[in-house]
Amino acid sequence: HERFRGKSLMGLRGEAILQFDWTVKQLTDALQRMGLADNTLILLTSDNGPVLDDGYADQAIELAGDHKPGGPFRGGKYSAFEAGSAVPFIAYWPKGIPQAKTSDALGSLIDVPATLAALVGAKIPEDAAPDSQNHLSTWLGLDQTPRPYAVSMASNRSLTLRTQHWKYI
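One structure accompanies this document, and this report is about it. Note that the coordinates shown come from a computational prediction; the quantities given were computed from them, not determined experimentally. (Residues numbered from 1 in each chain as written. Predicted model: local features only at pLDDT ≥ 70, side-chain atom pairs only at ≥ 80, totals over all residues. Heavy atoms only, no water.)

This part is about unusual backbone geometry. You will see that Q59, though not glycine, has its phi angle at about 55°, which is positive. Along the chain, Q59 turns up in the loop between strand 1 (42-45) and helix 2 (60-64). Phi angles above zero are rare outside glycine, and R157 is one such case at about 70°. The exposed category is assigned to R157, whose relative accessible area is 65%. (Helix = DSSP H or I, 4+ residues; strand = E, 2+ residues; numbered from the N terminus. Buried < 20%, exposed > 50% of the residue type's maximum accessible area, 1.4 Å probe, protein only.)

Below you can see the structure in the form of structure tokens.
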């Protein structure tokens, strides 16, 4: 949106992040005004790691400078390396998660259906989400139990097997 133009040293990508942050604030403010904020679970995540060179003429590589969007990890979107699959996952729910915590427990987005079903006491049909596992206690910060493993495939069809401490490509 025009209100974010020229507001970031990272160009269009930085402006898109500013707009996303603004949008999340609008959502949380609306929930607060309606008295729903304390009992609303908000999940923020991504479906892949970062990408700078994706064909857009937005100078993303030049503007990134020393910034490393994948943090300490190598690779990025489309890659079998860690930055391609390690994504942020933020669960915010004041009533259910009373303290801010950080977890290094291995998780997978494939577990969202089983975990949300457990949260609301629903049963997932037997043929739906067969690989999804319930990790509600980890989401709520009650323990640090990791998913035993996660399998993924990069765009070059490299198959990866990730455990809590190791990744096989």
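Of the pairings in the sheet, the one linking strand 3 (residues 150-153) to strand 4 (residues 159-162) comprises four bridges and is antiparallel in character. Note that in strand 4 the partner of M153 across the bridge is L159. Where strand 3 hands over to strand 4, the hairpin turn is made up of five residues, of which R157 adopts a positive phi near 70°. (Pairing = 2+ DSSP bridges.)

For the rest of this paragraph, the subject is helix 4 (residues 112-120). Every α-helix carries 3.6 residues per turn, so stepping three or four residues along brings you back to the same face. Buried residues of helix 4: V112, A114, T115 and A117, and no others. Taken together, the buried residues of helix 4 touch strand 2 (89-92) and helix 5 (136-139). One or two steps after helix 4, the chain reaches G121, where phi turns positive at roughly 75°. (Contact = heavy atoms within 4.5 Å.)

Before going further, it helps to examine the sheet that holds strand 3. As summarised here, the arrangement of the three strands in space is 3-4-5, forming an open sheet in which the pairing is antiparallel. Two strands bound the open sheet, and with one partner strand each, they are strand 3 and strand 5 (167-168). Across two bridges, strand 4 lies against strand 5 in antiparallel orientation. Its bridge partner lying in strand 5, L161 is registered against Y168.

Quick look at a nonpolar patch on the surface now. A surface patch of nonpolar side chains, amounting to about 650 Å² of accessible area, comprises Y149, V151, M153, L159, L161 and Y168. Elements that contribute at least two residues to the nonpolar patch include exactly strand 3 and strand 4. Summarising the element assignment, Y168 is placed in strand 5. Given a relative accessible area of 61%, Y168 falls into the exposed group. (Patch = residues over 30% accessible without salt bridge, like charges linked within 9 Å, V, L, I, M, F, W, Y side chains within 5 Å. Areas by Shrake-Rupley, 256 points an atom, 1.4 Å probe, with all protein chains shown as cover. Salt bridge = Lys/Arg side-chain N within 4 Å of Asp/Glu carboxyl O.)

In this fold, V51 is placed in the loop between strand 1 and helix 2. The class for V51 is partly exposed, based on a relative accessible area of 21%. Between the alpha carbons of V51 and G76 there is a distance of 5.7 Å; along the sequence they are 25 residues apart. Once residues within four sequence positions are removed from consideration, V51 is found in contact with R13, K77 and Y78.

As a further point, take the pattern of salt bridges. Here the structure, examined in full by the defined rule, presents seven salt bridges. A salt bridge links E15 to R5, with the nearest nitrogen and oxygen atoms 3.8 Å apart. Linking E15 in helix 1 (residues 11-33) with R5 in the segment before helix 1, this pair joins segments that are ten residues apart in sequence. Judged by relative accessible area, which is 9%, E15 ranks as buried.

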